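# Structure at a glance
Residues per chain, in single letters:
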Amino acid sequence: MASSNDLAPFQGPYFKQLLRSQRLRAPRMTTDVGGQTGIIIGGNGGVALDSVHILLRYGISRLILTVRNPQKFEPTIASLRKSYPSSAIDVWVLDLQSYSSIEAFVDRCKTLDRIDFVNISAGIILPNFIINEATRHEVVFQVNYLSTVYLALLLLPVLRERHPPKKPSILTMVSSGLAYVAAFPEQKAPNLFAAFDDPKNWSTSFGGDRYSTAKLMLLMFLVKVKDYANPDEVVVNVTDPGFMRAVGLDQHMPLIARFFVWLLRVAIGRSAEDGAMTFVDATVVKGKESHGSFLYNWKIAPFPASMYQSEGRSLIDKVWDETLHELEFARPQDILNAVKGKTT
Ligand SMILES: NC(=O)c1ccc[n+]([C@@H]2O[C@H](COP(=O)([O-])OP(=O)(O)OC[C@H]3O[C@@H](n4cnc5c(N)ncnc54)[C@H](OP(=O)(O)O)[C@@H]3O)[C@@H](O)[C@H]2O)c1
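Presented here is an overview of the structure given in this document. Computed from a predicted structure; not experimentally measured.

## A closer look at the site of the ligand
Close to the ligand lie 27 residues; Asn-44, Arg-68, Leu-96, Ser-121 and Tyr-211 are nearest. Note that an oxygen atom of the ligand is positioned 2.9 Å from one of the backbone N or O atoms of Met-244. Taking 890 Å² as the accessible area of the ligand by itself, protein coverage stands at 91%. Taken together, the elements giving at least two residues each to the shell around the ligand come down to helix H2 (46-57) and helix H7 (210-225). Here the residues of the shell around the ligand sort into 11 nonpolar, 11 polar and 5 charged.

Put into structure tokens, the structure is as follows:
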């Protein structure tokens, strides 16, 4: 099966494609998830929690959901445990705004014998420029890109050691269809990450392109990282849930913006079940064939057109180099080489 890299570039116009996508329905779930252990990052709400319901309904053996505030999640978890008594459901703490929280979480993953999949679903849209105190980076960039890929990097060797018998572990990162229209206005800056952290580059219209840029960068990271993982051991893919009817992602936006986005969500939003099935599809239905690919509408889809062009390929290299440089404290190249089986 062709990967995203081998497909013809995405053809717009985006809005027409979006409307077409929103009318599609998810394929029926036929995969047996009995015996599987899965981890869902940001599992306390939104699309991730909807996917939790599907996986439990289909009899997954163990689910670990990460949350920032376990106390707030207690009533939901109690009701899930009551409804699905034959599945083990654990709640672990993870805050993507803290590298030490990410590292503690990854250490805890090492206590597991088997990990079938990890879905990094957590994401955020903010209307205002905010610097994350712990890392000194702008928060939308931090959560949607930098911390997501840091977590993914640290998880690679852990999953490699804990994939199920005769099957790879699946590591899914969650992007957005907006990656197809991301303008990436900072791309000409000598240092991308410094540009993201400069308030002058923050658009007053709800951060402008920052969220879409971060989601595009996940695809750029994917095309590089895929070459280090052996898809017989760890499959890395990226998915998009579609434009959802649920409003969780809009919670920080000003009321008036929330109202207009709500109207659009009511008009064309994807149902909870169909959106959640994109997560289930990426993590338990698709396998080795999805390695290094973008899953859109439950199918392997092309990358944004710019990623096939020489300028876009240089930008991919720049994003990759700056990412490894930024995460140098964790010796990312050593991690990648070890995952690839190379000695440094
Ligand atoms: N909804 C859509 O239309 C849509 C479209 C395309 C892509 N997506 C993507 O799909 C994913 C899920 O979106 P959603 O609609 O389900 O959003 P949501 O309802 O807002 O849920 C987002 C989740 O991310 C968690 N989160 C935010 N910041 C975090 C941090 N620093 N550390 C750990 N967790 C954090 C939230 O936890 P708290 O409850 O603690 O804040 C929440 O559980 C996101 O990556 C989003 O970008 C959504």
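The rest of the description comes next.
## Notes on the packing of aromatic side chains
Throughout the structure, instances matching the rule amount to 21 aromatic pairs. Ring geometry for Tyr-180 against Phe-294: centres 5.7 Å apart, planes inclined by 55°, an arrangement best described as tilted. Placement of Tyr-180 in the loop between strand E7 (169-174) and helix H6 (192-196) and of Phe-294 in strand E9 (residues 294-296) is noted, with a sequence separation of 114 residues between them. With respect to burial, Tyr-180 and Phe-294 carry one shared label: buried.

## As for the sheet that holds strand E3 (residues 88-93)
In space, the 8 strands of this open sheet follow the order E3-E2-E1-E4-E7-E8-E9-E10, with mixed pairing throughout. Each edge of the open sheet carries a strand with a single partner, namely E3 and strand E10 (299-301). For this sheet, the mean inter-axis angle between neighbouring strands, taken without regard to orientation, is 25°. Bridging between strand E2 (residues 62-67) and E3 involves 6 bridges; their strand directions are parallel.

## A short note on the layout of surface pockets
Counted as a void, the second largest pocket has a volume near 190 Å³. Mapped by element, the contributors of at least two residues to the lining of the second largest pocket are helix H1 (14-23) and E10. For the lining of the second largest pocket, the leading source of residues is E10, giving 3 residues. Across the lining of the second largest pocket, the residue classes break down as 7 nonpolar, 3 polar and 2 charged.

## Let's talk about unusual backbone geometry
Negative phi values dominate among residues other than glycine, just as trans dominates among peptide bonds. Residues Gly-12 and Pro-13 are joined by a peptide bond in cis, for which omega reads -5°. Even without a glycine there, the phi angle at Lys-166 is positive, about 60°. Although it is not a glycine, Trp-298 adopts a positive phi angle of roughly 65°.

## Focus: the environment of Ile-268
Examined against the element boundaries, Ile-268 turns out to sit in helix H8 (residues 255-268). For Ile-268, a relative accessible area of 18% gives the class buried. Between the alpha carbons of Ile-268 and Phe-243 there is a distance of 7.8 Å; along the sequence they are 25 residues apart. Beyond its immediate stretch of four places on either side in the chain, Ile-268 contacts Leu-18, Leu-19, Gln-22 and Phe-243.

## Quick look at the environment of Ala-338
One can find Ala-338 in helix H11 (residues 332-340). Overall, Ala-338 belongs to the partly exposed group, its relative accessible area being 41%. In the structure, Ala-338 is positioned 182 residues away from Leu-156 in sequence and 9.7 Å away in space, judged by C-alpha atoms.

Basis of the calculations
As a convention, each chain's residues are numbered from 1 in the sequence order in which they are written. A pLDDT threshold of at least 70 governs which residues receive local features in this predicted model, and a stricter bar of 80 or more applies before side-chain atom pairs are shown or counted, although totals over entire chains, interfaces and linings include all residues. Working from all heavy atoms in the structure, the side-chain values ignore hydrogens and water. Proximity criterion: a residue is near a molecule or strand once any of its heavy atoms comes within 4 Å of it. Definition of a polar contact: a pair of N or O atoms within 3.5 Å, with one able to donate and the other able to accept a hydrogen when the atoms are protein atoms, and with sequence-neighbouring residues admitted only if both atoms are side-chain atoms. Reported accessibility uses the Shrake-Rupley method at a 1.4 Å probe radius. Residues are deemed covered only where the shown protein chains occlude them. Secondary structure elements follow DSSP: runs of H or I no shorter than four residues count as helices, runs of E no shorter than two count as strands, and numbering proceeds from the N terminus. Note on residue categories: nonpolar means Ala, Val, Leu, Ile, Met, Phe, Trp, Tyr, Cys or Pro, charged means Asp, Glu, Lys or Arg, and polar means any other residue, Gly included. By convention, a stacked pair of Phe, Tyr or Trp rings (six-membered ring in the case of Trp) has centres within 6.5 Å and planes under 30 degrees apart, an edge-to-face pair has planes over 60 apart, and any other such pair is tilted. Categorising residues by exposure relies on relative accessible area from a 1.4 Å probe, with only protein chains included: less than 20% of the type maximum marks a residue as buried, more than 50% marks it as exposed, and the intermediate range marks it as partly exposed. A strand pair is defined by DSSP finding two or more bridges across the two strands. Angular values range over 0 to 180 degrees, each being the angle between N-to-C directions of two axes fitted as lines to C-alpha atoms, with helices fitted over their stretch in contact. Cavity means a closed set of points on a 1 Å grid over the protein atoms alone, one where a 1.4 Å probe fits but cannot get out, pocket means an open set with protein on both sides within 12 Å along at least 5 of 7 lines, and lining means a residue has an atom within 4 Å of a point. Grid points are joined across faces, edges and corners, and a volume is the space filled by probe spheres set on the points. Residues count as neighbours in contact if any of their non-hydrogen atoms are within 4.5 Å of one another.

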